[in-house]
Amino acid sequence: MKESIIMKIHYGTALGAVALVAVHILMRLSQKFSDSLQYQNVLANYHFLPYALMLEVILILLSVHGFNGLRVILLELKQGVAYERAINYGSIVAMIVLVAYGSRTILMAGMGLS
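A quick note: this is a predicted structure, and the numbers were derived from the prediction, not measured. (Residues numbered from 1 in each chain as written. Predicted model: local features only at pLDDT ≥ 70, side-chain atom pairs only at ≥ 80, totals over all residues. Heavy atoms only, no water.)

Let's talk about the overall build of the protein chain
Summing up its helical and strand segments, the protein chain has 5 helices and 0 strands in all. Secondary structure of the protein chain in N-to-C order comes out as α-α-α-α-α. With the principal axes as the frame, the protein chain shows a C-alpha extent of 50 × 30 × 20 Å. Out of the 114 residues belonging to the protein chain, those deemed buried represent 26%. In the protein chain, the proportion of contacts linking residues at least 24 apart, taken out of those at least 6 apart, comes to 73%. For the protein chain, the exposed area adds up to about 7800 Å²; of that, 74% sits on carbon and sulfur atoms. (Helix = DSSP H or I, 4+ residues; strand = E, 2+ residues; numbered from the N terminus. Buried < 20%, exposed > 50% of the residue type's maximum accessible area, 1.4 Å probe, protein only. Contact = heavy atoms within 4.5 Å. Areas by Shrake-Rupley, 256 points an atom, 1.4 Å probe, with all protein chains shown as cover.)

Shown next, in the form of structure tokens:
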């Protein structure tokens, strides 16, 4: 994939993440902060499907944005075809692992399998 397209994805994920994290914070401010962190309230968030889906989208956006940023930083440190290929594939694998583990957590909490 062309680097210009990857950077457009990077910018898009940043904008999407800022917007959804702002919604997430505003929803936390709808009640007292200490109340929003109580175990039962946190679990209730995962049982509310629209909110759980929003958390999943935030997880994906931040993972893509973060690992792409790390990939760019690592590619600036050193050049070479094998190095670049390792960094690109390593970033993709790490991103998939993080999203899979986070999705597992969201699903387990939503289904009541703590």
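Structure's up, so let's keep going.
Examining the pattern of salt bridges
If the charged atoms of two oppositely charged side chains come close together, the side chains can form a pair. One pass over the structure, following the stated rule, counts 1 salt bridge. Residues Glu3 and Arg71 are paired through a salt bridge, measuring 2.8 Å at the closest nitrogen-oxygen approach. Here Arg71 lies in helix α4 (residues 49–77) and Glu3 lies in helix α1 (residues 3–28), a separation of 68 residues in the sequence. For Arg71, a relative accessible area of 6% puts it in the buried group. (Salt bridge = Lys/Arg side-chain N within 4 Å of Asp/Glu carboxyl O.)

The analysis is restricted to geometry; functional conclusions fall outside its scope.
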